Amino acid sequence: MAKLSIEEELRVIKKNVVDLIPEEELIAKLKRSRETGKPLRVKYGADPTRPDLHLGHYVCLKKLKDIQDLGHKIVFIIGDFTGMIGDPSGKSKARPRLSKEEVMENAKTYFEQVGKVLDIEKAEVRYNSEWLGRMTAHDVIELAATYTVSRMLERDDFSKRFKNGIPIYIHEILYPLFQGYDSYAIEADIEAGGTDQTFNFLVGREVQKAFGQEPQIILTVPLLEGTDGKNKMSKSLDNYIGITEPPNEMYGKVMSIPDELVVRYFKLVLYYDESQLKEVEKAMRENPRDTKARLAYEIVRLFHSEDAARRAAAEFDRIFRERQAPSDMPEFAVPPEGKNIVDIIYELGFARSKSEARRIVSQGGAKVDGEKVTNIEAVIVPKEEGSVLKVGKRKFARLVVKNS
RNA sequence: GGAGGGGUACCCAAGCGGCCAAAGGGGCCGGGCUGUAAACCCGGUGGCUCAGCCUUCGGGGGUUCGAAUCCUCCCCCCUCCA
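No experiment lies behind these values; they were computed from the predicted model shown. (Residues numbered from 1 in each chain as written. Chains lettered and ligands numbered in written order. Predicted model: local features only at pLDDT ≥ 70, side-chain atom pairs only at ≥ 80, totals over all residues. Heavy atoms only, no water.)

(A) View of the nonpolar core. The biggest cluster of nonpolar side chains holds 70 residues, and the ones touching the most others in it are L55, F76, Y251, Y265 and I299. Grouped together as the second largest cluster of nonpolar side chains are 21 residues, I341, A351, L389 and V391 included. (Core = buried A, V, L, I, M, F, W, Y, C linked by side-chain atoms within 4.5 Å. Buried < 20%, exposed > 50% of the residue type's maximum accessible area, 1.4 Å probe, protein only.)

Encoded structure:
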């Protein structure tokens, strides 16, 4: 890659970044890196419990890719040790303890997905049990002595929980310290992550200083809101768009985000620059639907292909604009004498229980060949060429006569 | 260690002997409408062999014709004092 000036390098790094603390130190590090020819070490913590990456992760991975392209070293930390503690950031729910095998398995899936965004071969991968697992009680106390309780309680999550009488466990208090120790162990120059990690990263700086190391730079990227438009994208809230999801699913999920989020997705996921975003804003006012469709198209293209995007768009229009059946749907065998509508819906997995299937039917949510079927006693005998069952807005199946 | 408060369905939160499968909100699901799986409006939301039955209100035991509601033991959480 052509040599950029420090200013240009900094501009690349700063794109779509919320905080860079402190910028002067980064400039100094960049200068020194050029002089010594040693790339900066950029730490990124990987969660070994959730191998499904989504667009929210992508925002940060894309940033890492930018930095990698500038010639710096990305260091992935697999938190196999801290995974047993559970990061207190956000919701606090006890996470299951993972076995070594599970961690390795998750890590494998994780990197398969990360590989879609940046070059794993050029990155360094470390497991934090390597150093945390070797710590003695003495070491832990020494680490714990680098921070105070009141400073720990400055953290937003903690102070809120403390005020609201929600328990905070000691091990959760220790978490940021261990994460900080990781930075020391790998000699991080920069630590990157979402803005919710700011506190942990700051603790990392303190730990590094306490152990006589130059503190890392903190680089945070915005948290992308999920399809609900309110909360940050996360698997547990089920408002996420996974980067490995099939094209049709991905396209549909993008179409389901609130209109207000469209510009933000163009910015954070597609990396549009200011002038492009102005155009998008204008287009959004004039024709929101088509603009959102363009977003969906571009996102599918990014993670799959131009061809997949085209097909996903056509399929979406076919189902939701023209109200037609999809070109491809699961087949369900019905005996010649027919089968009860509720049983069919339940067996297809279109309802979680038979009661739910009954509700769907009686509320008018089931159609066979375009005709509503509201009687839960109805017995369906498919036409000779097959019939189309539609449940809700987007669940379809082809019913065919077959002797079982 | 002492004193108080609390644990209710996917989440938050009412109920405090029968009318409670349990108010209300969120979420989710369905319908209508539409520019989309947007927004908005309406309805539904434990399960089943469904006008009936079975399981649910931290866990066990008990009182009662009858308990989420009363008693008792246990587990867990919070606050204040020490």
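Moving on, there is more to tell.
(B) The pattern of salt bridges, seen in detail. As enumerated under the stated definition, the model contains 32 salt bridges in all. As a salt-bridge pair, E25 and R205 come within 3.3 Å of each other at their nearest N and O atoms. In this pair, E25 sits in helix α2 (residues 23-36) while R205 sits in helix α10 (residues 198-210), placing the two residues 180 residues apart along the sequence. A residue is classified by how much of its surface remains accessible, and E25, at 30% relative accessible area, is partly exposed. (Salt bridge = Lys/Arg side-chain N within 4 Å of Asp/Glu carboxyl O. Helix = DSSP H or I, 4+ residues; strand = E, 2+ residues; numbered from the N terminus.)

(C) Fine view of the protein's contact with RNA strand B. Around RNA strand B, a shell composed of 35 residues is seen, among which M255, S256, R323, R358 and R359 lie nearest. Backbone atoms, meaning sugar and phosphate, make up 67% of the atoms of RNA strand B lying within 4 Å of the protein. A distance of 2.9 Å is found between a sugar or linking oxygen of RNA strand B and a side-chain nitrogen or oxygen belonging to Q363. Measuring from a phosphate oxygen of RNA strand B, one finds a side-chain N or O atom of K395 at 3.1 Å. Where the surface near RNA strand B is concerned, the elements lending two or more residues are α11 (247-255), α14 (288-303), α15 (306-321) and α17 (354-362). (Near = heavy atom within 4 Å. Polar contact = N/O pair within 3.5 Å; in protein donor to acceptor, adjacent residues only side chain to side chain.)

(D) Representation of the packing of α11 against α14 in the model. The interhelical angle for the contact between α11 and α14, taken along N-to-C directions, is 145°, at an axis separation of 9 Å. In this structure, α11 meets α14 at a crossing whose hand is right-handed. On α14, the residues that touch P247, M250, Y251, V254 and M255 of α11 are R289, K292, A293, L295, A296, Y297, I299, V300 and F303. A breakdown of the residues in the contact of α11 with α14 according to their chemical character gives twelve nonpolar, no polar and two charged. (Axes fitted to C-alpha atoms, helices over the stretch in contact; angles between N-to-C directions. Left-handed = near helix turned anticlockwise from the far one by under 90°. Contact = heavy atoms within 4.5 Å. Nonpolar A, V, L, I, M, F, W, Y, C, P; charged D, E, K, R; others polar.)

(E) Fine view of the environment of D196. Locating D196 in the fold gives a position in the loop between β5 (190-194) and α10. Overall, D196 belongs to the partly exposed group, its relative accessible area being 27%. Expressed as a C-alpha distance, the spacing of D196 and T220, which sit 24 residues apart in the sequence, is 8.3 Å. There is a polar contact of 2.8 Å between the side chain of D196 and the side chain of K232.

(F) Structural context of the packing of aromatic side chains. Within the structure shown, the criterion is met by twelve aromatic pairs. For the ring pair F316 and F320, a centre distance of 4.7 Å and an interplane angle of 45° mean the geometry is tilted. On the criterion of helical spacing, the pair formed by F316 and F320 is a turn pair, its members being four residues apart in helix α15. Judged by its relative accessible area of 14%, F316 is buried. (Phe/Tyr/Trp six-rings, centres within 6.5 Å; stacked < 30°, edge-to-face > 60°.)

(G) A look at helix α13 (residues 274-286). Taking 1.5 Å per residue as the helical rise, α13 with its 13 residues ought to reach 18 Å, and the 19 Å between its terminal C-alpha atoms agrees with that figure. Listing the buried residues of α13 in full gives L277, V280 and M284. The arc enclosing the buried residues of α13, seen along the axis, measures out at 55°, which places them on a common side. Residues of α13 that are exposed and point over 90 degrees away from its buried face: K278, E279, R285 and E286. Where α13 is buried, its residues touch α12 (262-268) and α14. (Expected span 1.5 Å × (residues − 1). Arc of directions from axis to C-beta.)

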